[in-house]
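Single-letter residue listing:
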Amino acid sequence: MASPAFFPPSVKERKILVLLYADDLVLLSLNRIGLKRMLHSLLEFSDAHLLQINYSKSKIMVCGKNSRTKHTWHLNGHHLEQVNTFKYLGIHINNNLSWSHHLAYIKLLAIKTLGQLKKFFYSRGGQLVRPFFNLYVVKFLPMILYGSEIWGPVLHPALEKIQNNIFKQILALPKCTPATHIRAELNLPTLKARIDLSYLRYWQKLTTNKSRSLVKLCWEEQLQNGGWATHFTTIATSYDLTDNFLNNLNPRALRNQIFEFEAQQDNTAISSARFSSWFPLFKTNHEWAPYLDLLTKATLCRAYTELRFQVMPSAYLQGRYLGIPYANRLCVSGCKVPEDLIHYMLICPLFRAPRNKFLVPMLTDLTESQSVVFLLSSDQPHIIIATANFALAAKKLRASYVKKL
């Protein structure tokens, strides 16, 4: 089939007539005449070698300026449909070279997959964060990020929202919770960081590849023409990575470099966020919070999480939603003081019994602020369990008291 009469496209002066992968075949031509000649040549080849063509799966796509022009295509008496989008090796390609169809496909796949994971979370998963998180990493991410070396920079913002929202639901946190805080609690990289990592690993493969493969030729041509390949340099620069330094990093070191760089940015954002003045004191590193594994009772884990994020049911939280001034977010017990975290944990008379039982035995010679930080930042199992038990008991007592008002 190597004939100029087929008008094949070229990459670095190499003519590209066909793409082959397993039993998939793509014919490439710059015009309709060339493609019709290739189709008839394919039919002759198939007949000569006793091969069968799956006509129902065979499609025609016209890309470029004339992509909207519809032509009639036939092969051996069979009509071949001209389509605007086609799924090739798991990637949806549009005739206008946009990613709109692939984005719609990924979002639908994400919603469907997360629905299955949430069903597991609320049933066999026992509403525990760790099993859900593990399934998210091994099942959801590989499906959603497949081919991200190609489409990643275009589509990741839409997918980022999906990741942020699902973990707010799993941790039972309000929608106003900043994504930076959640990522720090779970040691969860952004999807952008994961996509950038796959991009840069692909860059390493291309730059160290000494062959003259089609992919390498496309890479070189795009670098010369200022195409998509130049985006790799932009990504590397955003992580303070030079070309030489990047090529000398092994895959694990590159992964650590990117994730640690992002974690530092998240920590900076957390320290200046208005969401909670306490959380930066509890979360001094970007690692998985130990209590998420230790507290195997979902209600205990949720109550403890609410304290750490300062979103437990309180006048403080309600005032945040309603725009009530801080000084007017008064405790429901009748105390004429704001129902903030210190008051909730250490002072409120409603919670005297669980406080004396669970918290007081662990507090000695500490100020009120030091006590709160000590209780909610410790990685000691007995402190975490006692604080969680207080949080759950206080939550129940407050709900009962408010119900009677």
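The structure we're discussing is the one just above.
Rules used in this analysis
Positions within a chain are numbered from 1, following the residues in the order the chain's sequence is written. Since the coordinates come from a predicted model, pLDDT governs what is reported: local features require at least 70, and pairs of side-chain atoms require 80 or more to be given and counted, while whole-chain, interface and lining totals use all residues. Heavy atoms from the whole structure form the basis of all side-chain values; hydrogens and water molecules are not counted. Here, strands pair whenever DSSP counts at least two bridges between them. Helix and strand assignments follow DSSP, with helices taken as H or I runs no shorter than four residues and strands as E runs no shorter than two, numbered in order from the N terminus. Stacked, tilted and edge-to-face pairs are distinguished by plane angle, under 30 degrees for stacked and over 60 for edge-to-face with tilted covering the rest, among Phe, Tyr and Trp rings (Trp via its six-membered ring) whose centres lie within 6.5 Å. For the exposure calls, accessible area comes from a 1.4 Å probe over protein chains only, and a residue counts as buried if that area is under 20% of its type's maximum, exposed if over 50%, partly exposed in between. In this analysis the charged atom, NZ for Lys or CZ for Arg, is taken to sit over a ring once it is within 6 Å of the ring centre and within 35 degrees of the ring normal. For this analysis, a nonpolar core means a set of buried residues of the types Ala, Val, Leu, Ile, Met, Phe, Trp, Tyr and Cys, connected via side-chain atoms within 4.5 Å. Contacts were defined at the residue level, with two residues in contact if any of their heavy atoms lie within 4.5 Å. Only residues whose relative accessible area exceeds 30% and that take part in no salt bridge are eligible for patches, with like-charged residues grouped when within 9 Å of each other and nonpolar side chains (Val, Leu, Ile, Met, Phe, Trp, Tyr) grouped when within 5 Å. For the accessible areas, the method is Shrake-Rupley and the probe is 1.4 Å, while residue cover comes only from the protein chains on display. Throughout this description, the term salt bridge denotes a Lys or Arg side-chain nitrogen within 4 Å of a carboxyl oxygen of Asp or Glu. Here the axes come from fitting lines to C-alpha atoms, over the contacting stretch only for helices, and the angles between their N-to-C directions go from 0 to 180 degrees. Oblique is the label for any angle not covered by the other classes, which are roughly parallel (under 35 degrees), roughly antiparallel (over 145) and roughly perpendicular (65 to 115). Crossing handedness: left-handed means the near helix sits turned counterclockwise from the far one by under a right angle, and right-handed means the same turn made clockwise. The nonpolar class holds Ala, Val, Leu, Ile, Met, Phe, Trp, Tyr, Cys and Pro. Asp, Glu, Lys and Arg form the charged class, and all remaining residues, Gly among them, are polar. Helix span, expected: 1.5 Å multiplied by one less than the number of residues in the helix. Positive: Lys, Arg. Negative: Asp, Glu. His and the chain ends are not part of the count. The definition of a polar contact used here is a pair of N or O atoms within 3.5 Å, where within protein one atom must be able to donate a hydrogen and the other to accept one, and adjacent residues in sequence count solely through side-chain atom pairs.

With two bridges connecting them, strand E5 (residues 59-60) and strand E7 (residues 78-82) associate as parallel partners. Among the inter-strand pairings, Lys 59 is bridged to a residue of E7, identified as Glu 81. Inspection of the sheet shows strand E6 (residues 73-75) paired to E7 by three bridges, in the antiparallel sense. Following the sheet pairing, Leu 75 is matched in E7 by His 78. Between E6 and the antiparallel strand that follows it, E7, lie two residues; Asn 76 among them carries a positive phi value of about 55 degrees.

Time to look at the packing of aromatic side chains. Going through the model one piece at a time under the given rule, you end up with 19 aromatic pairs. Each ring, one from Tyr 239 and one from Phe 261, has its centre 5.4 Å from the other, and the planes form 70 degrees; the classification is edge-to-face. Here the residue Tyr 239 occupies a position in the loop between helix H8 (230-238) and helix H9 (243-247), and Phe 261 occupies one in helix H10 (residues 251-272), the gap between them amounting to 22 residues. On the basis of relative accessibility, which here comes to 19%, the residue Phe 261 falls in the buried class. Of the aromatic side chains, those joined through ring pairs into one cluster are Phe 121, Tyr 122, Phe 132, Phe 133, Tyr 136, Phe 140, Phe 167 and Trp 288. Sitting over the ring of Phe 275, Arg 320 keeps its end group 4.6 Å from the ring centre. It is Arg 329 that lies over the ring of Tyr 316; its NZ or CZ is 5.1 Å from the centre.

Time to look at the nonpolar core. Counting residues in hydrophobic clusters, the biggest one holds 90 residues, and the most contacted among them are Tyr 136, Leu 186 and Met 345. Not counting residues within four places of it along the chain, the set of residues in contact with Leu 186 comprises Val 129, Phe 133, Phe 167, Leu 171, Trp 288 and Leu 292. Leu 17, Leu 27, Leu 39 and Leu 75 belong to the second largest nonpolar core, which has 14 residues in total.

Taken together, Phe 7, Leu 30 and Ile 33 make up a surface patch of nonpolar side chains, about 310 Å² in accessible area. Residue placement: Ile 33 occurs in helix H1 (residues 32-48).

Okay, the packing of helix H5 (residues 179-186) against H10 next. Axis separation between H5 and H10 bottoms out at 9 Å; the angle between their running directions is 125 degrees. Classed by the angle they form, the pair H5 and H10 counts as oblique. You can see that H5 and H10 cross each other, and the crossing is left-handed. Judged by residue contacts, Thr 180, His 181, Arg 183 and Ala 184 of H5 engage Asp 266, Ala 269 and Ile 270 from H10. Its residues assigned to classes, the contact of H5 with H10 shows three nonpolar, two polar and two charged.

Compared with an ideal rise of 1.5 Å per residue, which puts 22 residues at 32 Å, H10 spans 32 Å between its outermost C-alpha atoms and is within 8% of the ideal. Residues Leu 254, Ile 258, Phe 259, Phe 261, Glu 262, Ala 263, Asp 266 and Ile 270 constitute the buried set of H10. Those residues of H10 that are buried are in contact with H5, helix H6 (191-208), H8, H9 and helix H11 (279-282).

Our focus in this paragraph is the pattern of salt bridges. Here the structure, examined in full by the defined rule, presents nine salt bridges. For Glu 185, the salt bridge identified is with Arg 308, shortest N-O distance 2.8 Å. One end of the pair, Glu 185, is in helix H5; the other, Arg 308, is in helix H13 (residues 298-309), and 123 residues separate them in sequence. Take Glu 185 and Arg 308: they sit in the same class, and that class is buried. With a shortest N-O distance of 2.9 Å, Glu 339 and Arg 398 are connected by a salt bridge. Taken together, the residues span a long stretch of sequence, with Glu 339 in the loop between helix H14 (315-322) and helix H15 (341-347) and Arg 398 in helix H18 (residues 381-404) at a distance of 59 residues. Of the two residues, Glu 339 and Arg 398, both sit in the buried class. Among the charged side chains, a network of salt bridges with common partners joins Glu 185, Lys 283 and Arg 308.

What follows covers the side chain of Asp 340. Mapped onto the secondary structure, Asp 340 falls in the loop between H14 and H15. Buried Asp 340, no salt bridge; nearest opposite-charge side chain is Arg 329, N-O distance 9.5 Å. Looking at Asp 340, its side chain comes within polar contact range of the main-chain nitrogen of His 343, at 2.9 Å. In this structure, Asp 340 is in contact with Tyr 316 and Tyr 326, ignoring residues within four places of it in sequence.

Before going further, it helps to spend a moment on the sheet that holds E6. Here three strands make up an open sheet; going across it, the order is E5-E7-E6 and the pairing mixed. Across the chains shown, the open sheet's two edge strands, defined by having one partner strand only, are E5 and E6. The strands that H1 touches are E5, E6 and E7; relative to E6, the one it contacts most, it runs at about 20 degrees.

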